[in-house]
Amino acid sequence: MAYQGVPGAYSEVAAGKAYPNCDPIPCDQFEVAFQAVEIWIANRAVLPVENSPGGSIHRNYDLLLRHRLYIVGEVQLLVHHCLLALPGVRMEHITRIISHPQALSQCENTLTKMGLNASRKAVDDTAGAAEYIATNNLRNTVAIASARTAELYGLQTLAKGIQDDSRNVTRFVILSCEPIIPRIDWPFKTSIVFAQENDG
């Protein structure tokens, strides 16, 4: 199962929720995850398409139009953001917060209420932010990422559930080179993508 991000990314968690025994394949970009399925490196890919507070992830809808893959399933993941730091770091040491832009915006009110006036820096993904802190031994920086990410990269959790909306859900689609033939005894969703001609 291909996904965008590094181990610990929410996309990897979604892959495991959809297929508990899958072998996850991290990809540095969404486009690479599509390609991994197209050239049979992966059987399937998991792709986030919308988030309850953030809305549609337009880039991924564009990729769905450009690639000839089929949506064969979906998974919804309740997102629980945590504030992660190296062991021993305390709140008063923090001068910078890094994460994916969506995660930063989804936690802004909570971070303000916590009194964290640290600068914000957007990076490609939440787990990548945690990995960056661990790899570079950054003692003045925290990441917004999942609790699993803390375990993977040896970080401590300074705060849990810091998302502003407790019902923060991301919807992922599962992609394959081969379609699933719908059965009449099982409910199926249908997705239709179309474009309107520009009349000039």
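Cut-offs applied
- Counting restarts for each chain: residues are numbered from 1 in the order of the written sequence.
- With the structure being a predicted model, the display of local features is reserved for residues of pLDDT at least 70 and the display and counting of side-chain atom pairs for 80 or more, all residues being used for whole-chain, interface and lining totals.
- The side-chain values count all of the structure's non-hydrogen atoms but skip hydrogen atoms and water molecules.
- Comment: elements are numbered from the N terminus, with helices defined as DSSP H or I runs of at least four residues and strands as E runs of at least two.
- Throughout, the radius of gyration refers to the C-alpha atoms, and the reference size of a globule is 2.2 Å times the residue count to the power 0.38.
- Every residue pair with non-hydrogen atoms within 4.5 Å of one another is taken to be in contact.
- Each accessible area is a Shrake-Rupley result for a 1.4 Å probe, and residues are judged covered by the shown protein chains and nothing else.
- All tallies of charge rest on Lys and Arg as positive and Asp and Glu as negative; His and the ends of each chain are not included.
- Where a charge sits is defined by one atom per residue type, namely NZ (Lys), CZ (Arg), CG (Asp) or CD (Glu).
- Each residue gets one of three labels from its accessible area relative to the maximum for its type: buried under 20%, exposed over 50%, partly exposed in between, using a 1.4 Å probe on protein chains only.
- Patches here: salt-bridge-free residues with over 30% relative accessible area, like charges joined within 9 Å, nonpolar side chains (Val, Leu, Ile, Met, Phe, Trp, Tyr) joined within 5 Å.
- What counts as a salt bridge is simple: a side-chain nitrogen of Lys or Arg found within 4 Å of a carboxyl oxygen of Asp or Glu.
- The disulfide definition used here is simple: a pair of cysteine sulfur atoms within 2.5 Å.
- A pair of strands is considered paired only if DSSP assigns at least 2 bridges between the two.

What follows is about the overall build of the chain. Scanning the chain for helices and strands turns up 7 helices and 11 strands. Computed over C-alpha atoms, the radius of gyration of the chain comes to 18 Å, within 12% of the 16 Å expected from 2.2 N^0.38 for 200 residues, which places it in the range of a compact globule. Based on the C-alpha atoms only, the size of the chain along its principal axes is roughly 55 × 45 × 35 Å. Counting only contacts in the chain whose residues sit at least 6 apart along the sequence, the fraction spanning at least 24 positions is 75%. Just so you have it, the chain exposes about 11,300 Å², and 52% of that area is on carbon and sulfur atoms. Charge-centre separation for the chain: the mean point of 17 positive side chains lies 7 Å from the mean point of 20 negative side chains.

Moving on: helix H2 (residues 30–38). Taken as a whole, H2 has its buried residues at Glu31, Ala33, Phe34, Ala36 and Val37. Note on H2: the residue one or two positions beyond its end, tryptophan 40, has a positive phi of about 65 degrees.

All right, on to a nonpolar patch on the surface then. Together, Ile180, Trp186 and Phe188 make up a nonpolar patch on the protein surface, roughly 320 Å² of accessible area in all. Topologically, isoleucine 180 is positioned in the segment after strand E11 (169–176). Since its relative accessible area comes to 37%, isoleucine 180 is described here as partly exposed.

Moving on: the state of the cysteines. What makes a disulfide is a covalent bond joining the sulfur atoms belonging to two cysteines. Within this structure, the stated rule accounts for 0 disulfides. A disulfide-free cysteine, cysteine 22 has its sulfur positioned 12 Å from the sulfur of cysteine 27, the nearest such atom. Given the relative accessible area of 22%, cysteine 22 is considered partly exposed. The thiol of cysteine 177 is not disulfide-bonded; the next cysteine sulfur, from cysteine 27, is found 13 Å away.

Summarising burial for E11: 7 of the 8 residues are buried, a large majority. For strand E3 (residues 44–51) and E11, the ladder comprises 7 bridges, and the chain directions are antiparallel. Looking at the pairing, glutamate 50 lines up with arginine 171 of E11. Relative to E11, strand E5 (residues 70–78) runs antiparallel, the two being bridged by 8 bridges. Looking at E11, one finds that glycine 73 is bridged to isoleucine 174.

Moving on, we get to the pattern of salt bridges. Overall, the coordinates contain 8 salt bridges when judged by the stated rule. Measuring nitrogen to oxygen at the nearest pair gives 2.8 Å for the salt bridge that ties arginine 171 to glutamate 74. Pair noted here: arginine 171 is in strand E11 and glutamate 74 is in strand E5, with a separation of 97 residues, a long-range link. On the accessibility criterion, arginine 171 (19% relative accessible area) is buried. Between aspartate 165 and arginine 167 there is a salt bridge, with its nearest N and O atoms 3.5 Å apart. You can call arginine 167 exposed: its relative accessible area is 62%. When salt bridges with common partners are traced through the structure, they connect Glu31, Arg59 and Arg66 into a single cluster.

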